[in-house]
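Analysis of the macromolecular model
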Amino acid sequence: MDLWQLLLTLAVAGSGSAFSGSEDSSEKPKFTKCRSPELETFSCHWTDGVRHGLKNAGSVQLFYIRRSTQEWTQEWKECPDYVSAGENSCYFNSSYTSIWIPYCIKLTSNGGTVDQKCFSVEEIVQPDPPIGLNWTLLNISLTGIHADIQVRWEPPPNADVQKGWIVLKYELQYKEVNESQWKMMDPVLSTSVPVYSLRLDKEYEVRVRSRQRNSEKYGEFSEVLYVTLPQMSPFACEEDFQFPWFLIIIFGIFGLTMILFLFIFSKQQRIKMLILPPVPVPKIKGIDPDLLKEGKLEEVNTILAIHDNYKPEFYNDDSWVEFIELDIDDLDEKTEGSDTDRLLSNDHEKSLNILGAKDDDSGRTSCYEPDILETDFNASDVCDGTSEVAQPQRLKGEVDLLCLDQKNQNNSPSTDTTPTTQQPSIILAKENKPRPLLISGTESTQQAAHTQLSNPSSLANIDFYAQVSDITPAGSVVLSPGQKNKAGISPCDMPPEVASLCQANFIMDNAYFCEADAKKCITVAPHVEAESRVEPSFNQEDIYITTESLTTTAGQSGTTERAVSSEMPVPDYTSIHIIQSPRGLVLNATALPLPDKEFLSSCGYVSTDQLNKIMP
Amino acid sequence: MDNKGWSLKAGSLLLLLLLVSDLLLCQSVASLPICPSGAVNCQVSLRDLFDRAVILSHYIHNLSSEMFNEFDKRYAQGRGFITKAINSCHTSSLSTPEDKEQAQQIHHEDLLNLILRVLRSWNDPLYHLVTEVRGMQEAPDAILSRAIEIEEQNRRLLEGMEKIVGQVHPGIRENEVYSVWSGLPSLQMADEDTRLFAFYNLLHCLRRDSHKIDNYLKLLKCRIVYDSNC
């Protein structure tokens, strides 16, 4: 029984303690707020921490201590007034209050300190709410919808504002009666403030609160003031201000239209172009450079058919038209004052220029003159395209003409011009003149050939194409097609003076010569002589040594080859059979099958197309 | 077109200049000189002097409050300074009135002198506060700028107060009494805790004293200028 009682009490005590332990924190008294409303007195409040119905054993006490004259009074004094400020509070009247003096207070319960706080009185100032709120009507708007009022109040009575002991700042708040959100106004120092723009048909609530000017903590709000404004006059406008959408739209459209007109005026020209595009001027079609590059003869022929002077039959019959070599850069010739010279040279220059121009723009109408076009092809006299089988014959045929003119002129410069002609040949070798042009130009060269040939000085060594077949150890380049002698051997002089000319030619720096010429030189001269002549040529600084020349030397050593070579026209591209010596090459003359008609050249160039026909 | 643009530019520049000058003027609190320097018989009215003094003292108190709050927020959280810091300020030795009755009983000349003493006492500490805050680790700009401003305004207020005293009590010139501040060594302590506590203490004292001076001046203004009827 005793044991049961003990257990029961223990259980009850335990539960009781458990209960108390769980609510221990809430039961503990704590300071809630210490406040001084006017900087003269202050009061402190605390929570009791007592559960309903249950009271703690000990009562709560407040002790305070304050420093005076730099020393703490050692003993804690008890609160002087537990009553005046309400329950669970301690009120310090003005005799106990010292401003700017640190205070410490503590809360005790059953002898034990439960809470402690330290502060200075000027830090805890929270004024009372203002009193005596009232309002007066200032004015009513013209529309009769809105009104302004002036709200006035009195400072809290306990705050000694008059003596300036405390300075207060006020904040006003107002709202419509059925609204939930208060509108705040800026804090003011004065005790009256105007409130603007209140609607006449609504009721408003106004309240004010204050704080010390130096602090940030506001006091309580005053009582609410109800503002009932006079009713709206029946003549007042009913409609409220509505956003003038209509006006805005109108003005917006107007503005946009203005901007559009300005834009149109400023960009008149451009808009005109957009709306009414100009009619394109018809372009006169010329020769498409691409056609020329591709080598499509038929199209070019059709294009050129518009020209009067073009005779395709003639072209078809005679494929190997002699090309007249013109000397482009020879300025010395111009010093000679024959009219024909100048005329021819001018034509030549012009033709060259136009030829160049033609390549660039085929649509140019002004430059396109049929007459000038014909003279173009005089310049394209290289062994490209057509080999010059007929050349020697042609040369011979026109020798008389040439001789006639030539004798009139000075032949001596022919030798002089030869070195210089070397250069144009080299230069022109690099030019890629289109073949059809040359082919078609040959017929025109036929016509003008006599005029051209009359001027031996205008015989230019223009090689358009030269195939490099080999490079000698000496560093010279061996070109395969042996052209006719560009040294400007005038055909007139050739027959009688072929020996001397040969010698001269060989001595000269120009190594291009046709096999025919070379043969002439060789056949005329004795065997040894030719050799001797030939050899010196090699001794000299020949830049180009043609296979012909090499062939001739080789042929000398072996007559059989020579015989073969003399009989058959050696093709331009011959394969090298053996290399016997540094100076000897045996060419395989029979290697290439010779085409019937086209490839009848003793010297001259084989075009790539023809070469393709030759070689499978 | 060019002229128009130029004139517009000039106008805007002028406006900008005006604005800037206005701002500068507004910033310097109560610095409008009514008496040009060098004038002999210029007399600013007592009312104006007091108005300016009150404005200055209010400004100083606001700055010191903010400075203290900044410091408290930054450095003093969780250190329990407030319990320790019921401290002694170096100006406590000056027997200033501690409540309204005492303040009302004291004669206004004495009160003026007291104010002067307190202001003088703060010259030195403020100067050292600025230098020490500058040398603080991550010197907080908010605190430093306010310290500099307070130092300057304090000097100005002192001048203003001396002028007021000259007007209220011409001829009487008391000895320059002020309480000496000896807290510099603690501000320069190596131990961070001690040093921070010294700062806290100083800023707390500054806030308190600035509030005191503000209050006294407002009281005096109402008493002298408005005859106790503010």
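The model shown is predicted, which means the values in this text are computed figures rather than measured ones. Residue numbering note: each chain is counted from 1, following its sequence as written. Chains carry letters and ligands carry numbers; both start at the beginning, A for chains and 1 for ligands, and go up in the order they are written. A pLDDT threshold of at least 70 governs which residues receive local features in this predicted model, and a stricter bar of 80 or more applies before side-chain atom pairs are shown or counted, although totals over entire chains, interfaces and linings include all residues. To obtain the side-chain values, all non-hydrogen atoms of the structure were used and water was disregarded.

Further remarks concern the state of the cysteines. Residues and elements named next belong to chain B. A pair of sulfur atoms, both from cysteines and within 2.5 Å, is called a disulfide here. Across all of its chains, the model carries five disulfides over all chains by this definition. What pairs with Cys89 in a disulfide is Cys205, and their sulfur atoms sit 1.7 Å apart. Taking the torsion about the S-S bond as the criterion, the Cys89 to Cys205 disulfide, at about -95 degrees, is left-handed. Highlighted residues: Cys89 in the loop between α3 (81-84) and α4 (100-105) and Cys205 in helix α9 (residues 192-224), separated in sequence by 116 residues. When its relative accessible area of 2% is taken as the criterion, Cys89 is described as buried. Disulfide pairing places Cys222 opposite Cys230 at an S-S distance of 1.5 Å. Because the sign of the S-S torsion sets the handedness, a value of about -115 degrees for the bond joining Cys222 and Cys230 places this disulfide among the left-handed ones. Accessibility here uses a 1.4 Å probe with only protein chains present; expressed as a share of the type maximum, an area under 20% marks a residue as buried, one over 50% as exposed, and anything in between as partly exposed. Judged by relative accessible area, Cys222 falls into the buried class, the value being 3%. You can call Cys230 partly exposed: its relative accessible area is 43%. A run of DSSP states H or I qualifies as a helix once it reaches four residues; a run of E qualifies as a strand once it reaches two. Both are numbered from the N-terminal end.

Right, let's talk about the UniProt feature "binding site: Zn(2+)" (unreviewed entry) in chain B for a bit. Per the UniProt record, "binding site: Zn(2+)" (unreviewed entry) is found at His58 and Asp214 of chain B. A compact arrangement is adopted by the annotated residues: their sequence extent is 157 residues, whereas the largest C-alpha distance between any two is 5.9 Å. Residue position: His58 of chain B is located in helix α2 (residues 46-75). The exposure class assigned to His58 of chain B is buried, which follows from its relative accessible area of 11%. Two residues form a contact once any of their heavy atoms are found within 4.5 Å. Those residues in contact with His58 of chain B that lie beyond four places of it in its chain are Arg213 and Asn214 of chain A together with Asp214 and Lys218 of chain B. Take Asp214 of chain B: it is sitting in helix α9. Of the residues examined, Asp214 of chain B reaches a relative accessible area of 0% and is grouped as buried. In this structure, Asp214 of chain B is in contact with Asn214 of chain A together with Val54, Ser57 and His58 of chain B, ignoring residues within four places of it in sequence. UniProt positions are given in the numbering used here, feature names are shortened, and annotations may be inferred rather than shown by experiment.

For the purposes of this section, nonpolar cores are sets of buried Ala, Val, Leu, Ile, Met, Phe, Trp, Tyr and Cys residues that join through side-chain atoms within 4.5 Å. Leu62 of chain A together with Met161 of chain B are the most contacted members of the largest nonpolar core, which totals 98 residues. Element by element, the count of residues in this core is highest for α9 of chain B, at 13 residues. If near-sequence neighbours (up to four positions away) are discounted, Met161 of chain B is found in contact with Ala53, Leu112, Ile115, Leu116, Leu119 and Leu217 of chain B.

A separate point is the sheet that holds strand β2 (residues 42-47) of chain A. Residues and elements named next belong to chain A. Strand pairing requires that DSSP identify at least two bridges connecting the strands. Read from one edge to the other, the open sheet built from three strands follows the order β1-β2-β6, with strand pairing classed as antiparallel. The sheet is open, and its two edges are formed by β1 (30-35) and β6 (89-92), each paired on a single side. Across this sheet, the average inter-strand angle for adjacent strands is 15 degrees, counted without regard to direction. Here, axes are lines fitted to C-alpha atoms. For helices the fit covers the stretch in contact, and angles between N-to-C directions go from 0 to 180 degrees.

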